[in-house]
Every structure is written in structure tokens, then in C-alpha cells.
Amino acid sequence: MNHAAHLKSLISPMRTAMAEFSEIGVRAAMGDLMSQDALVRLSHPLGDMSGAALYDRAYAPLLAAMPDLERRDLIVVAGDDGTGGDWVGCMGHYMGTFVTPFLDIPPTGHLAHMRFHEFYRFEGGKIVEMQAI
């Protein structure tokens, strides 16, 4: 298996758990993969946080707003950044029925799509940094 394929295989369990989003499955997959002290940089208004805070501060409110939440990846790329950093980048949509407010956005009661771009830096098989929109 080449290096890029290996990096993609590391993130596969988390992507699979998020495809049919459940709190238990996603928390378990993230706990196995993400360092608790990973640097997580999300767009405003979520901002920076640790890996330990990511689920409760970002994903739990999204799942509450869209109880049938699904993650659909369209692009997954992987490789090194030329300075020794191993990265996986994903682009796709979170989608679900928007039934309760999310980030002060009122619900529509209809299917909603939220595009994402997520980049994960790995060290020793763990995510140590995440940057996402």
C-alpha cells in the first residue's frame, strides 16, 4: 500500500462512522483516531479548540439540528506537505433534515446541505491537527 493510500485508510473508520452519523459511533471513531490535545481550527464562530472538545462543541450541535445527519465525502486526498507533515483532505457535504436551530440559524424543516472542507495532519497514526471550514 502506498503512503497516500495508507493515510486514507487511517481516516476511513471515522468517515464511515460519520456517513450514518450516531453519537456513539462517531465518538468512538474520533476517540481512536484523534489525539485529545490535537489542535483543531474551525471557521468562525466555532474557532480553535482541542481534539477533546471537538465533538461536544461542533458535532453535537450539528447532530441536534439534523438528527438524521449524514456525511457524504466527494473528494479524499492524502500525501505529505513537503516538510514532513502527513495530511488527509476531505471535501463533501453534511446533510440532514434541519429541525432545530444551528449556530442561531433557524431551522427550515427541510433537507439541508452544509459543504465542508477538512484537513487532518497525522503523526504516529493519530490526528494531531485539524483545519476545517
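The following paragraphs examine the structure supplied in this document. The numbering scheme is per chain: residues are counted from 1 as the chain's sequence reads. It should be noted that, the model being predicted, local features are given only for residues of pLDDT at least 70 and side-chain atom pairs only at 80 or more, the latter also being counted only at that level, while totals for whole chains, interfaces and linings use all residues. Only hydrogens and water are set aside; all other atoms, that is, all heavy atoms of the structure, feed into the side-chain values.

1. A few points about helix α1 (residues 3-19)
Moving on, step 1. For α1, built from 17 residues, the straight-helix expectation of 24 Å at 1.5 Å per residue is met to within 8% by its first-to-last C-alpha distance of 24 Å.
Moving on, step 2. The bend at a residue is defined as the angle formed between two axes, one fitted to the seven residues ending at that residue and one fitted to the seven starting there. A run of H or I in DSSP counts as a helix once it spans at least four residues, and a run of E counts as a strand once it spans at least two, with each numbered from the N terminus. Bending of α1 peaks at approximately 40 degrees at the position of I11, with proline P13 no more than four residues after it.
Moving on, step 3. Accessible area is worked out with a 1.4 Å probe on protein chains only. A residue is then buried under 20% of its type maximum, exposed over 50%, and partly exposed in between. Along α1, the residues classified as buried are L7, I11, M14, A17, M18 and A19.
Moving on, step 4. Here a residue-residue contact requires only that any non-hydrogen atoms of the pair lie within 4.5 Å. If you follow the buried residues of α1, they end up packed against α2 (23-33), α3 (51-65), β3 (70-80), β4 (86-97), β5 (111-123) and β6 (126-132).
Moving on, step 5. In this structure N2 caps α1, since a side-chain oxygen of it lies 3.2 Å from the backbone nitrogen of A4. Take the residue count of a helix, subtract one, and multiply by 1.5 Å to get its expected span. N or O atoms within 3.5 Å of each other form a polar contact, as long as, within protein, one can give a hydrogen and the other can take it, and as long as residues adjacent in sequence are counted only when both atoms are side-chain atoms.

2. Quick word on the pattern of salt bridges
Moving on, step 1. By definition here, a salt bridge exists when the distance from a side-chain nitrogen of Lys or Arg to a carboxyl oxygen of Asp or Glu is within 4 Å. If you walk through the whole model with that rule in mind, you get ten salt bridges.
Moving on, step 2. For R27, the salt bridge goes to E23, with nearest N and O atoms at 2.9 Å. Of the two residues, R27 and E23 are both situated in helix α2; the distance of four residues between them amounts to about one turn of the helix.
Moving on, step 3. Taking relative accessible area as the criterion, R27 reaches 34% and is therefore assigned partly exposed.
Moving on, step 4. Across the pair R71 and D73 runs a salt bridge whose closest N-O atoms are separated by 2.8 Å.
Moving on, step 5. Looking at R71, the relative accessible area reads 1%, which means it is buried.
Moving on, step 6. Salt bridges linked by common partners bring R15, R71, D73 and E118 together as one network.

3. Describing the nonpolar core
Moving on, step 1. M14, F21, M30, L54, Y59, Y120 and M130 are the most contacted members of the largest nonpolar core, which has 37 residues in total.
Moving on, step 2. Mapped by element, the contributors of at least two residues to this core are α1, α2, β1 (34-42), α3, β4, β5 and β6.
Moving on, step 3. Looking at this core, the element that brings in the most residues is α3, giving seven residues. By convention a nonpolar core is built from buried Ala, Val, Leu, Ile, Met, Phe, Trp, Tyr and Cys residues, the set being connected through side-chain atoms within 4.5 Å.

4. So, the sheet that holds β4
Moving on, step 1. Taken in spatial order, the six strands line up as β2-β1-β6-β5-β4-β3 in an open sheet, and their pairing is mixed. One side of each edge strand has no neighbouring strand; the edge strands of this open sheet are β2 (48-50) and β3. Neighbour-to-neighbour, the strand axes of this sheet turn through a mean angle of 20 degrees, independent of strand direction.
Moving on, step 2. A pair of strands is labelled paired if DSSP reports no fewer than 2 bridges between them. Of the pairings in the sheet, the one linking β1 to β6 comprises five bridges and is parallel in character. Every angle, taken between N-to-C directions, lies between 0 and 180 degrees, and every axis is a line fitted to C-alpha atoms, over only the stretch in contact when it is a helix.

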